[in-house]
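# Inside the fold
Spelled out from the first residue to the last, the chains are:
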Amino acid sequence: MSKFLEVKNLSVSFPTEDGVVLAANDISYSVDLGETLAIVGESGSGKSVTNLAVMGLHNPQRTQITGQAFINLESGPVDVISAPTEVVRRMRGKTMSMIFQDPMSALHPYYSVGDQIAEAWGLYNSGSKRDGFARAKEMLDLVGIPDVDKRVNEFPHQFSGGMRQRVMIAMALVNNPSLLIADEPTTALDVTVQSQILQLLGGLQKEFNMAIILITHDLGVVAEVADRVCVMYGGRIVENASIDETFYNPLQPYTVGLLNSIPRVDKLGSHRLSAIPGQPPSLINLPRGCAFEPRCQFASSVAGNLCKTTNPNLDEKSTDHFARCHLSTTQLHQLLAKNESGAK
Amino acid sequence: MKGCDRLLKYISRRLLYTLVLMLIVSIAIYFIFDWLPIDPARLNCTKQCTPDIIEANRHRLGLDVSVMEQWWRFIQGLFHGRVYTQGAECPAPSFGYSFNRHECVTGILAEAFPITLSLALGAFIMWLSLGISLGVIAAKNKGKFLDKASSVFVLVGTSLPTFISGILIVLFVVLKFNIVNPLELGDWHNPFIDPVGWLKTFFFPCATLALAYAATYTRFTRSNVIETSSEDFIRTARAKGLSEKVILRKHTLRAALAPIVTIAGLDFAGLLGGAIITEGIFGLSGLGRLSVKAVTETYDLPIILSTTLLASAFVVVMNLIVDIAYAFIDPRVRQS
Ligand SMILES: Nc1ncnc2c1ncn2[C@@H]1O[C@H](COP(=O)(O)OP(=O)(O)OP(=O)(O)O)[C@@H](O)[C@H]1O
Ligand code: SF4
Ligand SMILES: [Mg+2]
């Protein structure tokens, strides 16, 4: 069975004056209807670039894209990477929708929120402007905005950050899309609003049986909502596993580092909170070896300087659990156990 | 309808503010001309000048009272008309009486203004349409041939002063190719009665002025469209599934052109006060030439005062119009 979205060997690069920026490098992942895939990674790891390519939102003149991204519609699969721009445009907003990182700047300052939602609705529905506004009110109500009769006519600057993100969600969902890409929908918001928005998305997903791709740099956010996790580093996927495997059996040192940098209730006591030291790699001229090597505490444990010379493949280390590391599962477990006892 | 209420309040507040500003400006103009080291009463006095004659002149010209009193009489004249000397009576609204031309200034202005308005309006329409469309085309073809071609236009337009482009146009288009009879160069034709004649007189002067302005507007539009195109809300519009045409028309231009309202309004207002060089080259008897003549040849104080006052009134009133227009365009202004 193929899943609703299947991204295969997707690479995105930008030719710049300093050289070619390889922002997404041989990315493959899939997500099905009703499922949530989390894409996690530091700033600059290529999360947005990858998914903007799926939406067809890169400037074709300044971007090179290879690979495929199939959307499996009832009428058959469509590869949105190679499909004509007009075909992809007609899928945007209806088949696939996206909400963006910064709700402050993602709405047009000169149009009322009702106007903007009605515009999205009008694109795929025939109806008067009044019908569009009625639908806008329905959506605003659905995403938990109070007093919609008044607020539908208000402008983005009259809404708080959390409320604007709700407006964005309302707009993205107005045509019942099958796939929703949420690019760090909560990063700009404070913690309580964050969890409200995530709960809202989860509820709407059940209601409409959507596939959701949740992009975030915070693994903590992922735990409550995701079914599967892709961890990205330096433009590549370094680990791809179910949520349980990711949290309880991480097989890649970078994922381990990410997990260590979030406070966890279940491992309280034995756990020290630590961020990963060092800088992410430059995406121009990637090193020959493992991109994480300069920051990896286990690189020296791999025989023959392999981490420096050879980039590890994304191997299936155990059933349906992919990781990119020269260490075998047992080796990593041994090293982790040693670390833990050292900490005590 | 609370938003409407707020808008009305905003407009009336701005109206009041404009009125006060106009009063201050007019008083200031009276004081400035009083300070100037030129005495009109002395200018009108030939070889056998005696203090008595000067005094009589001063009285005749209405300069023998305080500046504030002169100003007040002027304001009264505007509303009630005024008798200057025997036989020199001007009905309201009176801008004064020109003793040089033995005419009411209002009549003189009424003759010159349609010419200046024709020139300004024609040029305004030309440069806005040309500048904005070229700017949009350049932005959409950034880095390609059309963009480069438009940047040549911008360079020529901004570096060629109107006195050169105007003279070139007069020499070539008008004289060499004889499109307009040189003897009829500055003739006034009412556009509602004789549109073709009007066009013959005004097309080339308008084009001369428009050329200079269009270049600036091309550059401005281009950079604003490019900047707006990279805004997040444009990406949102694209993510909704809107076509590029709708995105440009409804989303990009709306945001990119809003700031143009301000400069376009003020540029237009500036021209309404008179385009001295262009009027001179094409022999148009508009407000610009009227002022120059009044200053350099006749030192006709009532005319100078009126044209100056008029020019500043255009700017002040246009400021008001621009502000109100902006409140309609930008909801963030409306609400604050
Ligand atoms: N148009 C572009 N031209 C050149 N480089 C780009 C372009 N867009 C993105 N990049 C680069 O690609 C890399 C990946 O960017 P991306 O936006 O995908 O990161 P991200 O994982 O979403 O990070 P964040 O958490 O900060 O959003 C970055 O180094 C960025 O500088
Ligand atoms: S391959 Fe080597 S450097 Fe890379 S993550 Fe594994 S151990 Fe670390
Ligand atoms: Mg991003």
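Since the model is a prediction, treat every value here as computed from it, not as a measurement. (Residues numbered from 1 in each chain as written. Chains lettered and ligands numbered in written order. Predicted model: local features only at pLDDT ≥ 70, side-chain atom pairs only at ≥ 80, totals over all residues. Heavy atoms only, no water.)

### As for the overall build of chain B
Along the backbone of chain B there are 14 helices and four strands. Dimensions of chain B along its principal axes, counting C-alpha atoms only, are 85 × 60 × 40 Å. Counting across all 336 residues of chain B, residues that qualify as buried make up 44%. Of the contacts made within chain B by residues no fewer than 6 positions apart, 66% connect residues no fewer than 24 positions apart. (Helix = DSSP H or I, 4+ residues; strand = E, 2+ residues; numbered from the N terminus. Buried < 20%, exposed > 50% of the residue type's maximum accessible area, 1.4 Å probe, protein only. Contact = heavy atoms within 4.5 Å.)

### Considering the interface of chain B and chain A
On the chain A side, the residues contacting the 24 residues of chain B number 26 residues. Of the roughly 2400 Å² buried between chain B and chain A, counting both surfaces, carbon and sulfur atoms make up 59%. Viewed at the interface, chain A and chain B are joined by two salt bridges. Here Glu119 of chain A and Lys250 of chain B are joined by a salt bridge, their closest N and O atoms 3.0 Å apart. The interface formed by chain B and chain A includes twelve residue pairs in polar contact (both at pLDDT 80 or more). Secondary structure elements with two or more residues in the side of chain B that touches chain A: helix H9 (232-240), helix H10 (244-272), helix H13 (301-329) and helix H14 (331-335) of chain B. The greatest single-element share of the side of chain B that touches chain A, amounting to seven residues, is contributed by H9 of chain B. In terms of residue class, the side of chain B that touches chain A is made up of nine nonpolar, five polar and ten charged. (Buried area = accessible area lost by both parts, 1.4 Å probe. Salt bridge = Lys/Arg side-chain N within 4 Å of Asp/Glu carboxyl O. Polar contact = N/O pair within 3.5 Å; in protein donor to acceptor, adjacent residues only side chain to side chain. Nonpolar A, V, L, I, M, F, W, Y, C, P; charged D, E, K, R; others polar.)

### Details of the pattern of salt bridges
Residue and element names in this part refer to chain B. Scanning all chains against the criterion turns up 22 salt bridges over all chains. Between Arg73 and Glu69 there is a salt bridge, with the nearest N and O atoms lying 3.7 Å from each other. Residue Arg73 and its partner Glu69 are located together in helix H4 (residues 67-80), separated by four residues, close to a single helical turn. For Arg73, a relative accessible area of 27% translates into the label partly exposed.

### A word on the sheet that holds strand S2 (residues 19-31) of chain A
Residues and elements named next belong to chain A. Across the sheet, which stays open at both edges, the four strands sit in the order S2-S1-S4-S5 with antiparallel pairing between neighbours. Every interior strand has two partners, whereas the edge strands, S2 and strand S5 (76-79), have only one. On average, each strand axis in the sheet is inclined to that of its neighbour by 20°, with strand direction left out of account. Where strand S1 (residues 5-16) meets S2, nine bridges bridge the pair, whose relative direction is antiparallel. Counted as the bridge partner of Pro15 is Val20 from S2. Sitting on the sheet, helix H1 (residues 47-55) is in contact with S1, S2 and strand S4 (64-73), with an inclination near 110° to S1. (Pairing = 2+ DSSP bridges. Axes fitted to C-alpha atoms, helices over the stretch in contact; angles between N-to-C directions.)

### Some remarks on the UniProt feature "domain: ABC transporter" (unreviewed entry) in chain A
Using the residue numbers shown here, the UniProt feature "domain: ABC transporter" (unreviewed entry) corresponds to residues 5-259 of chain A. End-to-end, the C-alpha atoms of residues 5-259 of chain A are 27 Å apart, and along that stretch the chain is 37% helix and 28% strand. (UniProt positions renumbered as here; feature names shortened; annotations may be inferred.)

### Topic: the packing of aromatic side chains
Applying the stated criterion across every chain, the model contains 16 aromatic pairs over all chains. A ring pair is formed by Tyr254 of chain A and Phe292 of chain A, whose centres lie 5.3 Å apart and whose planes are at 70°; its orientation type is edge-to-face. With Tyr254 of chain A in helix H10 (residues 253-260) and Phe292 of chain A in the loop between H10 and helix H11 (306-309), this residue pair connects regions lying 38 residues apart in the sequence. We classify Tyr254 of chain A as buried; its relative accessible area is 0%. According to the relative accessible area criterion, Phe292 of chain A is buried, its value standing at 4%. Plain terms: the ring middles of Trp71 of chain B and Trp72 of chain B are 6.3 Å apart, the flat faces sit at 40° to each other, and that makes the pair tilted. Trp72 of chain B sits in the partly exposed class, given a relative accessible area of 42%. Aromatic rings pair up to connect Phe124, Trp127, Tyr213, Tyr217 and Phe268 of chain B into one cluster. Lying over the aromatic face of Tyr111 of chain A, Arg254 of chain B brings its terminal NZ or CZ to 5.1 Å of the ring centre. (Phe/Tyr/Trp six-rings, centres within 6.5 Å; stacked < 30°, edge-to-face > 60°. Lys NZ or Arg CZ within 6 Å of the ring centre and 35° of its normal.)

### Description of the domain arrangement of chain B
Residues and elements named next belong to chain B. Considered domain by domain, chain B is made up of domain 1 (2-105) and domain 2 (110-335). On a C-alpha basis, the centroid separation for the pair domain 1 and domain 2 is 31 Å. The interface of domain 1 with domain 2 comprises 26 residues on the first partner and 25 residues on the second. In total, about 2500 Å² of surface goes out of reach between domain 1 and domain 2, with carbon and sulfur atoms giving 75% of it. Three residues stand out in domain 1 for area buried against domain 2, namely Leu7, Tyr10 and Phe33, and they jointly supply 21% of the buried area on that side. For the interface between domain 1 and domain 2, the tally reads one salt bridge. A salt bridge links Asp323 to Arg14; its shortest N-O distance comes to 2.5 Å. For the interface between domain 1 and domain 2, the tally reads six residue pairs in polar contact (both at pLDDT 80 or more). Every element with two or more residues in the side of domain 1 that touches domain 2 is listed here: helix H1 (2-35), helix H2 (40-43) and strand S3 (97-98). Of the residues forming the side of domain 1 that touches domain 2, the biggest block, 14 residues, is contributed by H1. (Domains from an automatic or database assignment.)

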